[in-house]
Structures are given as structure tokens and as C-alpha cells.
Amino acid sequence: MFHVKQPEKASSKDSFGMDTPLARELADLSARRRVLEAVNIDFSGDTRILTVSNQKGGVGKTTSAVNVASALAGLGAKVLVVDLDPQGNASTALGVPHNADTQSIYDVLIDEVPLAEIVQQSPEDVNLFCAPSTIHLAGAEIELVAQVAREHRLRRALEEYLVDNPMDFVIIDCPPSLGLLTINAFTAANEVFIPIQCEYYALEGLSQLLGSIQMIQKHLNPGLHLSTILLTMFDGRTRLAQQVADEVRTHFPDQVLDTVIPRSVRVSEAPSFGQTVIAYDGQSAGAVAYREAAVEIASRTAAQSKEK
């Protein structure tokens, strides 16, 4: 007959699994949620215009743009998202119609339609607005070449719009390229916000992007500066992710946010429901991380960012 040796008397803490990695992770997430609930930020300064850009695709650029925008709106800020990507993913995530018949940012750039005529309120939040993109924007790069003041069209449209429609934040989602649409975004903005994926080759192409920013500063928009870098798709189980994060922080110590965005199923699922992860599952790890990133961004005034 076999006898199974009974384990030493376990503590009640161990028996309920309270000291496991998962339990510690859940406890940490709960503590972070409580901190976020107590956050109170005053949005009384000038409008901050951030261009979200990275010429490398698949780094979480649009995902970061819409989720940070939604999180800022949840904090009480009035936020306008300008969807400059012909794919229109930001418009989709914000639940804003953008079929071929919808007036869009294309009409603003090419036909000088006032921005106020195309901006729609997102169903997610009364403080969240979107200037949608449509498929027509795919041809805008070519059409803009022949336009007068082609690099300044978005800036002028925004300046006119903000006179009667004050916003705390304008977040411009760019295509993953350095064409005329992105140049319009850089010319219109005060700040550049770069999401960087925590994977190999994360910094590849970044030097070219920084060179483009310097050219814009020199010739079109002296006030433009790199204010924010957000590390995305972070997998804490891998040494590579930590190495990439350390390398980026070494190169850009003042611009990198403390918050990192983890790989998250909820973040990936949300767009298929026409929502940001903030609306889809606001208590998930991905949503909490984006809310923390929004708090960091909101806490940095444009002037403080520029001084760094």
C-alpha cells in the first residue's frame, strides 16, 4: 500500500494562493486602479497639439493615439483626434462613421472645407471628438503637391477651428510614412509623440524620423519638439523587452514615459468592436496602462516638455 506524504501545514495565505505571481500581479493592478481613481488634473492651459508618428508600422501608433485620447477625455480634457491615416483605423476605434460618402479630413486638406463641418463626437465620451479619415485620403499625397501652401493646410484649419471650439488636446494620428500628410501634421503640432515597440529593431528608422523633425523645425515649425516616447507591446517575461526599454531610456531619458504598455489581448480585441480599450474593458491591464500614460502626459505641460 502506498502512502502519500501530507505537506507541511500550509498557511491560510498560501492555501488561498495569495503569494503567487498571478496574485501579486492582480494586487498590483488593483492598487494602480485605486491611484487612478484619485487623480485630479486641471486642464486650464493652452491647447496642446501632439502628432503621433512612427514610420515603422505595427508599433501601436494608432492604438496609442486613440487610447491616450480616450483616457485624457476620461480625465476631463476636451480632446480632438485628427485621423490622417488613409486606413481610418483611428476613426473606427472611436466609433465614428467614415464611409466614402462621409465628409472627412480629405475635404479639409484638399477643398478647404472648415474643420468644424467634418468633426464628429465619439460615442465613447462627451469630451472626445474625431475628424475622420476616408479612403479618399489615399490620393491626398498626390493632390497636395499642386496645392498652395501645401504643408500648412492642416495648421490653418486647426487654428480656425480652435477659435470657436477650444480643446485641451489635439492628437493627430499619422500614416506610417514621411509624406505630405505627415509633414502637415508636424507643421500643425507643438509636440511629437512617438510610440516605440519593445522588440528588436525598435530604434531602426528612428534617426530618419528625428532628422525629419529637425528639418520641420528649421524650415516650417520652429516650435515643434519631441516631448513624449511611449514603450508599447512590452512583454515582461522576456529579457529582450527589458533591454530595448533600457536602451530607449538611455537615449531619451527625459522623453520616455515611466508607463509601459504591455502586450494585451483586450487592447487587440477592442478595435473590432469599434471601441478603444478604455471603453471596451477599462479595468484591464492594457486600459490601466494607457490611463497611466495619459496622466503622465497631462501632467507635463508643453512648456515643461520643451525645457527638458
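Residues numbered from 1 in each chain as written. Predicted model: local features only at pLDDT ≥ 70, side-chain atom pairs only at ≥ 80, totals over all residues. Heavy atoms only, no water.

**Quick notes on the layout of surface pockets**
By volume, the largest pocket amounts to about 520 Å³. Around the largest pocket, the lining comprises 18 residues; the ones closest to its centre are Glu-25, Phe-234, Pro-262, Arg-263 and Ala-285. Elements with a minimum of two residues in the lining of the largest pocket: α2 (21-37), β8 (256-262) and α13 (285-299). Across the lining of the largest pocket, the residue classes tally to 8 nonpolar, 3 polar and 7 charged. (1 Å grid on protein atoms, 1.4 Å probe; cavity = no way out; pocket = protein on both sides within 12 Å on 5 of 7 lines; lining within 4 Å. Points joined across faces, edges and corners; volume = space filled by probe spheres on them. Helix = DSSP H or I, 4+ residues; strand = E, 2+ residues; numbered from the N terminus. Nonpolar A, V, L, I, M, F, W, Y, C, P; charged D, E, K, R; others polar.)

**Notes on the pairing of strand β6 (residues 191-197)**
Burial analysis of β6 places 7 of its 7 residues in the buried class, the great majority of the element. Where burial is concerned, the two faces of β6 agree: the one with Glu-191, Phe-193, Pro-195 and Gln-197 and the one with Val-192, Ile-194 and Ile-196 are both buried. As defined by bridge partners, strand β1 (residues 48-52) adjoins β6 across 3 bridges and the pair is classed as parallel. Its bridge partner lying in β6, Thr-51 is registered against Val-192. Pairing of β6 with strand β7 (residues 225-234), which is carried by 7 bridges, proceeds in the parallel orientation. What sits directly across from Pro-195, in β7, is Leu-230. (Buried < 20%, exposed > 50% of the residue type's maximum accessible area, 1.4 Å probe, protein only. Pairing = 2+ DSSP bridges.)

**Thoughts on helix α7 (residues 153-164)**
Taken as a whole, α7 has its buried residues at Arg-153, Leu-154, Ala-157, Leu-158, Tyr-161 and Leu-162. The buried residues of α7 all sit within an arc of 150° when viewed along its axis, so they share a single face. Residues of α7 that are exposed and point more than 90 degrees away from the buried face comprise Glu-160 and Val-163. In this structure, the buried side of α7 is in contact with β1, β2 (79-83), α5 (105-111), α6 (140-144), β5 (169-173) and α8 (180-188). (Arc of directions from axis to C-beta. Contact = heavy atoms within 4.5 Å.)

**Brief notes about the sheet that holds β7**
Taking strand neighbours across the sheet as the criterion, the 8 strands line up as β3-β4-β2-β5-β1-β6-β7-β8 in an open arrangement whose pairing is mixed. The strands lining the two open edges of the sheet, one partner per strand, are β3 (120-121) and β8. When β2 meets strand β4 (residues 128-131), the two strands line up parallel, connected through 4 bridges. Within β4, the residue paired with Val-79 across the bridge is Leu-128.

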